[in-house]
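What follows is each chain in one-letter form.
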Amino acid sequence: MKQSLVLRDLAGRPVRTAVLTVLTALLALTVLGGTVIVTSLRRGLGALESRLGADIMVVPYEATTQKKFENIVLQGATGYFYMDSARAEKVAQCAGIGQISPQYFLASASSGCCSIPVQIIGFDPETDFTITPWIRRSYGGSLQKNDIVVGNDLNAFVGDTLKFYGVECRVAAKLDRTGTYFDTAVFTSAETIRSLIASSQALGMNDFADADPSKSVSCLLINAAEGCVPEEIVNDINLHVKRVKAIQTKEMISGIADGLAGVSAVIGILIAAVWVLGMVILLLVFTMSVNERKKEFAVLRIAGASRGMLAGLVMKQALVTGLLGGIGGVLLALAAVLPFHTAIESRLGLPFLLPAAGTVVLFALAAILLSVLTGAAAAAVSALRISRIDTALILRGEN
Amino acid sequence: MMLKGVGISKEFLRESRGTNRFFAVQETDIALESGQMTVLMGRSGSGKSTLLNMLAGLMQPSSGHILLGDTDLYALSDKALSRLRCEQIGVIPQGQTVLHSLNVVQNVCLPYTLYGEDAHEADARALLERLGIGALCDVKPAELSGGELRRVAIARAMLRKPAVLLADEPTADLDDENTEAVLGDLKQAAQDGAAVLVVTHETGAERFADRLLRMNAGALAEVSPAGDSGVSDGL
Ligand SMILES: Nc1ncnc2c1ncn2[C@@H]1O[C@H](COP(=O)(O)OP(=O)(O)OP(=O)(O)O)[C@@H](O)[C@H]1O
Ligand SMILES: [Mg+2]
């Protein structure tokens with residue numbers, strides 16, 4: 001059948017065409033928006049897991065009672081705490097430990113001594129197994145004294161100089177986005193951070209109690225040795241080393257995983273509800289338009305259209321509105337999710353890492369396809385009914 | 001080409017009568033010959049439209065066959081029958097039959113555009129001009145009067161110069177002047193070689209008839225002996 005008839009008829013019924021298109025757009029919008037959000041949250045959690053990168057974290061007991069540690073790692077708060085390296089050595093002696101590496105925390109201030117208030121995390125390049133592999137992805141060299149690596153969300157670029165407690169630090173690399181609070185942190189070697197801690201003490205800017213930077217660490221990251229169970233190591237440390245707290249990473253992020261599961265479920269229900277409702281309305285609109293259009297289909301029959309052509313007309317129109325709506329909905333979804341990912345992230349309070357562009361494109365195509373198929377499925381019922389109309393009977397009804 | 005009904009009848013089920021079956025058209029033969037205009041008259045409900053729909057390939061008879069030349073219409077697939085109707089059978093149904101999303105001339109060109117053929121728009125405009133609504137070619141049907149809509153349907157049925165032209169009360173909404181004109185056009189189509197059947201209540205229509213048939217409660221009867229095709233609007 002001539003395509004122009006399909007389009008002319010759509011244009012001749014602007015309200016029906018608009019309703020069908022907007023409905024399909026809504027379906028595509030929810031399915032793509034929802035999928036991108038859930039996927040981003042999953043990736044965010046994955047990124048957090050791999051950024052934490054260790055089975056076990058050991059911190060001074062005081063840090064856990066004040067939730068300082070969790071706030072820094074999970075909530076993006078800035079802070080610091082220290083324990084004596086003697087405690088760290090005792091931890092290292094516990095059985096079943098495969099890898100162990102210390103980290104050092106320092107919070108920069110917002111006053112004149114520092115360029116920006118951020119969490120500064122120092123690691124030991126010799127033993128580190130969590131941050132170095134991540135830095136490797138964007139920086140091949142090794143960190144010199146006063147070199148820093150900045151998180152993706154910080155407004156600093158390679159070659160810039162940032163000042164912390166009067167010390168000028170060169171930005172050696174900028175990390176990939178992780179969607180976690182690590183994106184707003186600054187990383188540096190143990191050597192550099194020790195000198196920063198010392199400078200801040202000299203300036204009297206932080207409340208360090210009795211910490212001696214050369215003999216303190218903030219936390220220890222531990223990976224279990226082959227065949228050892230992290231849980232047993234945690235119990236062992238908590239039992240035998242005083243004034244430290246060992247935490248299994250899995251447990252620490254279980255709150256986030258729960259939150260993610262909750263959000264995913266809500267989004268899933270939302271998508272399902274919109275689709276069921278959308279399908280019902282689509283079916284209704286098609287069915288209603290069949291009744292309203294019976295007469296016109298009878299006219300086409302008289303002019304020589306076959307039953308197959310009538311069904312084809314309905315299906316082609318459904319494809320056109322499905323495609324228009326699908327593309328519209330996908331564009332809306334992308335416009336709603338992509339530019340506002342940071343807003344969504346802070347709104348949900350969960351790590352949020354957008355999928356790669358290719359994946360988003362794939363999702364978008366799938367959403368369009370799904371919308372078109374849904375429109376076609378809803379139209380198929382009507383197409384079948386239309387193809388069975390009794391022309392003579394319809395013409396009688398109008399006498 | 002001749003359109004023939006051989007032993008055709010149409011039976012409907014009717015639940016609220018003594019017998020729940022009744023014949024809208026009782027078994028009959030009918031032949032529409034090319035070059036002839038056959039006028040079918042009869043009371044309302046006598047089965048005229050039913051007969052016409054059967055001849056148009058739109059309603060399967062309960063018995064008998066409809067033959068266009070040698071082709072048995074109801075032995076064809078729906079696809080083939082539809083194509084045949086498009087090309088060979090012009091139908092002007094009772095009531096108003098236009099597509100409101102198309103303008104007048106697009107409506108008229110439908111039998112061509114439906115299968116993606118050239119629209120023959122110039123022919124359509126000329127035909128509409130002849131039917132007295134040439135000025136309305138590019139108007140949407142919503143703006144037309146009942147009589148104008150009817151002439152759009154007539155133009156649509158005549159555009160392809162089909163071998164058979166079946167008109168169900170084509171002058172129902174028209175004034176005397178236009179009635180004359182439309183009947184004259186149908187007559188002209190017959191003289192150009194089409195087999196024309198006109199169902200009408202119009203008393204003046206006999207004047208145009210080469211043959212006059214009457215339907216009475218489903219029974220078809222010849223009113224005047226069949227004139228040969230040479231006999232035309234003799235008064
Ligand atoms: N689909 C149908 N089912 C049942 N009865 C029908 C059906 N179609 C027509 N009839 C009946 O068949 C009879 C003939 O109907 P038809 O429409 O052919 O009459 P008609 O002569 O064209 O009348 P009018 O001049 O009013 O158009 C009527 O009694 C009608 O009720
Ligand atoms: Mg009738």
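Residues numbered from 1 in each chain as written. Chains lettered and ligands numbered in written order. Predicted model: local features only at pLDDT ≥ 70, side-chain atom pairs only at ≥ 80, totals over all residues. Heavy atoms only, no water.

J.: Give me the lowdown on the domain arrangement of chain A, citing residues and values where you can.
T.: All names here are of chain A. Per the domain assignment, the segments making up chain A are domain 1 (2-47 + 256-395) and domain 2 (53-249). Look at where the C-alpha atoms of domain 1 and domain 2 centre, and you get two points 49 Å apart. Contact residues are listed per partner, giving eight residues for domain 1 and five residues for domain 2. When domain 1 packs against domain 2, the two sides together hide about 620 Å² of surface, and 53% of this comes from carbon and sulfur. Counting across the domain 1 and domain 2 interface gives zero salt bridges. When contributions to the side of domain 1 that touches domain 2 are tallied by element, the ones reaching two or more residues are α2 (14-52) and α12 (341-348). Residue composition of the side of domain 1 that touches domain 2, grouped by class: five nonpolar, two polar and one charged. (Domains from an automatic or database assignment. Contact = heavy atoms within 4.5 Å. Buried area = accessible area lost by both parts, 1.4 Å probe. Salt bridge = Lys/Arg side-chain N within 4 Å of Asp/Glu carboxyl O. Helix = DSSP H or I, 4+ residues; strand = E, 2+ residues; numbered from the N terminus. Nonpolar A, V, L, I, M, F, W, Y, C, P; charged D, E, K, R; others polar.)

J.: Break down the site of ligand 1 for me, citing the residues and quoting the values.
T.: Taken together, 17 residues lie near ligand 1, and R396 of chain A together with S44, G45, S49 and T50 of chain B sit nearest. At 2.5 Å from an oxygen atom of ligand 1 is found a side-chain nitrogen or oxygen belonging to T50 of chain B. Measuring from an oxygen atom of ligand 1, one finds a side-chain N or O atom of E169 of chain B at 3.3 Å. Here ligand 1 has 630 Å² of accessible area as a free molecule, and 80% of this is covered by the chains. Those elements that place two or more of their residues in the shell around ligand 1 are α14 (391-397) of chain A together with β2 (21-32) and α1 (48-55) of chain B. Here the element with the most residues in the shell around ligand 1 is α1 of chain B; it accounts for three residues. (Near = heavy atom within 4 Å. Polar contact = N/O pair within 3.5 Å; in protein donor to acceptor, adjacent residues only side chain to side chain. Areas by Shrake-Rupley, 256 points an atom, 1.4 Å probe, with all protein chains shown as cover.)

J.: Quick one: what's the story with the interface of chain B and chain A, residue by residue and with numbers?
T.: Where interface size is given, it is often the accessible area lost as the parts come together that is meant. Taken together, the contact pairs 27 residues of chain B with 24 residues of chain A. Of the roughly 2,200 Å² buried where chain B meets chain A, counting both sides, 62% is carbon and sulfur surface. Considering only the side of chain B, the residues that lose the most area to chain A are L58, S101 and L114 of chain B, jointly responsible for 25% of the buried surface there. One salt bridge connects D78 of chain B with R301 of chain A, and the closest N-O pair in it is separated by 2.9 Å. One can count nine residue pairs in polar contact (both at pLDDT 80 or more) joining chain B with chain A.

J.: Can you explain the coordination of the magnesium ion (ligand 2)? Please cite residues and give values.
T.: All names here are of chain B. Those protein atoms acting as donors to the magnesium ion (ligand 2) are S49 (OG) and Q94 (OE1), and they sit at 1.8 to 2.4 Å. With a gap of 45 residues between them, S49 in helix α1 and Q94 in the loop between β6 (89-92) and α3 (104-108) connect regions that are remote in the sequence. Grouping residues by exposure puts S49 and Q94 together as buried. (Donors = N, O, S within 2.8 Å, 3.2 Å for Na, K, Ca; no water. Buried < 20%, exposed > 50% of the residue type's maximum accessible area, 1.4 Å probe, protein only.)

J.: How would you explain helix α7 (residues 190-203) of chain A if you had to name every residue and give the values?
T.: Residue and element names in this part refer to chain A. Along its 14 residues, α7 runs 20 Å from first to last C-alpha, staying within 8% of the 20 Å computed at 1.5 Å per residue. Structurally, α7 contributes buried residues whose contacts are with β3 (97-107), β4 (119-123), β5 (147-150), β6 (161-164), β7 (167-174) and β8 (185-189). Trailing α7 by a residue or two, G204 shows a phi angle of about 65°, which is positive. (Expected span 1.5 Å × (residues − 1).)

J.: Tell me about the packing of aromatic side chains, residues and numbers included.
T.: Residues and elements named next belong to chain A. For the structure on display, the rule yields eight aromatic pairs over all chains. On the basis of an interplanar angle of 70° and a centroid distance of 6.1 Å, the ring pair of W134 and F182 is categorised as edge-to-face. Placement of W134 in helix α6 (residues 132-136) and of F182 in the loop between β7 and β8 is noted, with a sequence separation of 48 residues between them. Take W134: its relative accessible area is 2%, and that puts it in the buried class. What makes F182 buried here is its relative accessible area of 11%. Between F182 and F187, the aromatic rings sit 6.1 Å apart at their centres with planes inclined by 45°, giving tilted as the arrangement. In this structure, F182 and F187 share a single accessibility class: buried. Following the ring pairs from residue to residue traces out a cluster consisting of F69, F81 and F105. (Phe/Tyr/Trp six-rings, centres within 6.5 Å; stacked < 30°, edge-to-face > 60°.)

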